[in-house]
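Descriptive structure summary
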Amino acid sequence: MPSESTPAPGEQPVDSDETAEDAAETDGGHETELQAHTIRLELVDEPGQLLAALKPIADNGANLLSIFHERGSLTPRGRIPVEVDIECPPDRFEGILEDLRDRGVNVIQADAEEYGDEVTLVLVGHLVDTDLSDTLKNIQDCSGASVADIDLSAPAGAGSSAHSSARLRLRAHAGETASVIETVREVVAEKDIDVIAPLEGRR
Amino acid sequence: MRLCVLGAGAVGRSVAELAPEYGHTVTALSDSSSAVVDPDGLDVETALARKEADEALGDASPGDALAAEYDVLVEATPTTLGDAEPGFSHLRTALERDNHVVLANKGPVAERYADVRELEADSAGEVYFEATVGGAIPVCATVDDLGAEHVSAVRGVLNGTANFVLSRMAAEGLDYDHVLAEAQDLGVAEADPSFDVEGTDAALKCVILANVLREADCDSLDELREVEVTLADAEVEGIRDIPGSALELAAEDGRTVRLVGEATRDGVTVGPRLVPENGTLSVTGTRNIVEIDHEYAGGLAISGRGAGGEETASAVLADVARLE
């Protein structure tokens, strides 16, 4: 690769410095200012899905700026990608994302935070008796991945000595799959839960 | 070549029986209690018929076999851990006499790799161990041909018993204990299956491969001794605790579970892994598969029978051919 062109001697890169300072001043100006966010979602192709996805935005007092509904294209999972621009107070944004996920809406990307990788795991152990929702919360909190969906199979029911299983689909940040798997193993080991994972960092 | 075959289990027996077809002569054959020795080539069939009838192989003692005239020692006694004895001493005796050694016994190269290489360095004899990994599958030869220094990982399904259990559980929706009992009836699993289902056997094979990969980066025996791997360094998880429900959930998602072992320069891991149902690693039954990641060749896969007397003997005899 050829090296980047360097400024000629005496030529000062004055412009960029000034721009940076200006931007900083503008940003830090008003505490109550609304922040703009872009959220990318994927929706199942069924009536009412888009409306359901927008409700958490309204409920949390955010302004909807625009919706780009790519009905013609599909995500790799056969769903419809939707891009939503909103504006809200800084402390509301996380709540909106949480509500969306609670409603089963897949958030592919929220601003720069992109869940580029997906990893499926099977957990084996006394999943119900050791509080599965607590386990899932710990997984999300510690690994930084989000639980996209879960299937539980506990044929023997709670309180049984037989092991139950759960299949988890996690969305991880691009390139972090291996470390997410590692973290999940550590987190669930406390409850004597085993993790059956794919071969890390491959495929 | 004149062969001394130590161990008259499935592998040793098959090596002795197939040797003439490959142009070799068996001059000594022993099991743990007796031996038969003939410098002009012994009558393998008669000796094995005696063993079959619960008699001694011959009049000689196992020590006489080791002291007999031969070019290649075929070490096919049962794998032992820790000091890898008595297999290791057999290998030492042969190398000190400047004879070659072909191992089917994993112990010496899994637990004392550097010791084996040190003895080999002082001997005119050479050591090969294709049969220790993947039965009939030519793993070591392929890694060697490709240049171990360019191989970043070798992984695969390396235990037929565990694979039989997992693939039957997935196919029939049966639980572990049921399938294991079936496997024992069929002779696929031993009465005490722990070595297989706990992942130890697969781990030993991966440890051997990790040693081969790390050796490629070493310039001296001292360096090798620093980086050599043993079973104790492997991270091993078995398949005993996997319920049928885990395989069902995997299947609903187009996946299945296989006991996969992986050897890299970082070390060895063995454990149940989620693999695509129709992927390379999802071999069924007792079949084994090995995948090699190569810097320039990309991914290669070889599948075949990972155990069995004649299958493993074919790997032993391929090693003998390398010595000619």
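Computed from a predicted model, the values in this text were never measured in an experiment. (Residues numbered from 1 in each chain as written. Chains lettered and ligands numbered in written order. Predicted model: local features only at pLDDT ≥ 70, side-chain atom pairs only at ≥ 80, totals over all residues. Heavy atoms only, no water.)

**Some words on the overall build of chain A**
- Helix and strand content of chain A: 5 helices and 9 strands.
- In chain A, the succession of helices and strands from N to C terminus is α-β-α-β-β-α-β-β-β-α-β-β-α-β.
- Taking all 203 residues of chain A together, the buried fraction comes to 34%.
- A sequence separation of at least 24 residues applies to 69% of the contacts in chain A between residues at least 6 apart.
- Total accessible area on chain A stands at roughly 11800 Å², and carbon and sulfur atoms take up 48% of it. (Helix = DSSP H or I, 4+ residues; strand = E, 2+ residues; numbered from the N terminus. Buried < 20%, exposed > 50% of the residue type's maximum accessible area, 1.4 Å probe, protein only. Contact = heavy atoms within 4.5 Å. Areas by Shrake-Rupley, 256 points an atom, 1.4 Å probe, with all protein chains shown as cover.)

**Considering the pairing of strand β12 (residues 298–305) of chain B**
- Sheet topology note: the strand β11 (residues 287–294) of chain B/β12(B) ladder contains 8 bridges and is antiparallel. By the bridge assignment for β12(B), His294(B) is matched with Gly298(B). (Pairing = 2+ DSSP bridges.)

**Focus: the sheet that holds strand β5 (residues 100–103) of chain B**
All names here are of chain B.
- The strand order β3-β2-β1-β4-β5-β6 describes an open sheet built from 6 strands, whose pairing is mixed. This sheet does not close on itself; its edge strands, each paired only once, are β3 (35–37) and β6 (127–128).
- Summarising the sheet, β5 and β6 pair through 2 bridges and their orientation is parallel. Along β6, the bridge assignment pairs Val-101 with Val-127.
- Relative to strand β1 (residues 2–6), helix α1 (residues 10–18) is tilted by about 160°, and along the sheet it contacts β1, β2 (25–30) and β4 (72–75).
- Of the strands in this sheet, β1, β4, β5 and β6 are in contact with helix α14 (residues 309–322), which crosses β5 at around 155°. (Axes fitted to C-alpha atoms, helices over the stretch in contact; angles between N-to-C directions.)

**Digging into the UniProt feature "binding site: L-homoserine" (unreviewed entry) in chain B**
Residues and elements named next belong to chain B.
- UniProt annotation of "binding site: L-homoserine" (unreviewed entry) refers to Glu-190 when read in the numbering used here.
- Relative to the elements of secondary structure, Glu-190 occurs in the loop between α9 (176–186) and α10 (194–197).
- Taking relative accessible area as the criterion, Glu-190 reaches 53% and is therefore assigned exposed. (UniProt positions renumbered as here; feature names shortened; annotations may be inferred.)

**Looking at the nonpolar core**
Residue and element names in this part refer to chain B.
- One finds Leu-91, Phe-129, Val-154, Ile-239 and Val-268 to be the most contacted residues of the largest nonpolar core, which totals 76 residues.
- The biggest single contributor to this core is helix α11 (residues 200–215), with 10 residues.
- When sequence neighbours within four positions are dropped, the list of residues in contact with Ile-239 reads Ala-162, Val-165, Leu-166, Tyr-176, Val-197 and Leu-259. (Core = buried A, V, L, I, M, F, W, Y, C linked by side-chain atoms within 4.5 Å.)

**Quick look at the interface of chain A and chain B**
- Opposite the 20 residues of chain A that make contact, chain B presents 22 residues.
- Across the chain A to chain B interface the summed buried area is about 1700 Å²; carbon plus sulfur atoms make up 58%.
- Across the chain A-chain B interface, the total number found is 2 salt bridges.
- The shortest N-O distance in the salt bridge between Arg167(A) and Glu252(B) comes to 3.5 Å.
- Summed over the shared surface of chain A and chain B, the result is 6 residue pairs in polar contact (both at pLDDT 80 or more).
- For the side of chain A that touches chain B, the secondary-structure elements that each account for two or more residues are β6 (117–125), β7 (146–153), β8 (164–172) and β9 (194–198) of chain A.
- As judged from the 2 bridges shared by β9(A) and strand β10 (residues 267–276) of chain B, these two strands associate in the parallel manner. In the sheet register, Pro198(A) faces β10(B), and the bridge partner there is Leu274(B). (Buried area = accessible area lost by both parts, 1.4 Å probe. Salt bridge = Lys/Arg side-chain N within 4 Å of Asp/Glu carboxyl O. Polar contact = N/O pair within 3.5 Å; in protein donor to acceptor, adjacent residues only side chain to side chain.)

**Considerations on the UniProt feature "binding site: NADP(+)" (unreviewed entry) in chain B**
Residues and elements named next belong to chain B.
- Residues annotated in UniProt with the feature "binding site: NADP(+)" (unreviewed entry) correspond here to Gly-7, Ala-8, Gly-9, Ala-10, Val-11 and Gly-12.
- Position of Ala-8 among the secondary structure elements: in the loop between β1 and α1.
- In this structure, Ala-8 is in contact with Arg-13, Ser-30, Asp-31, Lys-51 and Leu-57, ignoring residues within four places of it in sequence.
- With respect to the helices and strands, the residue Gly-12 is situated in helix α1.

**Details of the confidence of the model for chain A**
All names here are of chain A.
- When the pLDDT values of chain A are averaged, the result is 78; 77% of them are 70 or greater.
- Ranking the elements of chain A by mean pLDDT puts helix α1 (residues 14–27) last with 42 and β9 first with 95.
- In this model residues 1–31 is a low-confidence stretch, pLDDT under 50, and it forms 0 contacts with partners more than four residues away in sequence or in other chains. (pLDDT = per-residue confidence, 0-100.)

**Observations concerning the packing of aromatic side chains**
All names here are of chain B.
- Using the criterion set out here, one finds 1 aromatic pair over all chains in the structure.
- Measuring from centroid to centroid gives 6.1 Å for Tyr-113 and Phe-129, while their planes differ by 85°, and the two rings are edge-to-face. Taken as a pair, Tyr-113 in helix α6 (residues 113–121) and Phe-129 in the loop between β6 and α7 (139–146) lie far apart in primary sequence, 16 residues in all.
- The positively charged end of Arg-112 is found above the aromatic ring belonging to Phe-88, 3.6 Å away from the centroid. (Phe/Tyr/Trp six-rings, centres within 6.5 Å; stacked < 30°, edge-to-face > 60°. Lys NZ or Arg CZ within 6 Å of the ring centre and 35° of its normal.)

**Let's talk about the pattern of salt bridges**
- One pass over the structure, following the stated rule, counts 34 salt bridges over all chains.
- One salt bridge connects Arg169(A) with Asp149(A), and the closest N-O pair in it is separated by 2.7 Å. Of this pair, Arg169(A) sits in strand β8 while Asp149(A) is found in strand β7, placing the two residues 20 residues apart along the sequence.
- Salt-bridge contacts for Glu182(B) lead to Arg168(B); the nearest nitrogen and oxygen are separated by 2.7 Å. Note that Glu182(B) is positioned in helix α9 and Arg168(B) in helix α8 (residues 160–172), a separation of 14 residues in sequence.
- For Glu182(B), a relative accessible area of 22% translates into the label partly exposed.
- Linked through salt bridges whose partners overlap, the residues forming this network are Glu42(A), Glu118(A), Asp149(A), Arg169(A) and Arg171(A).

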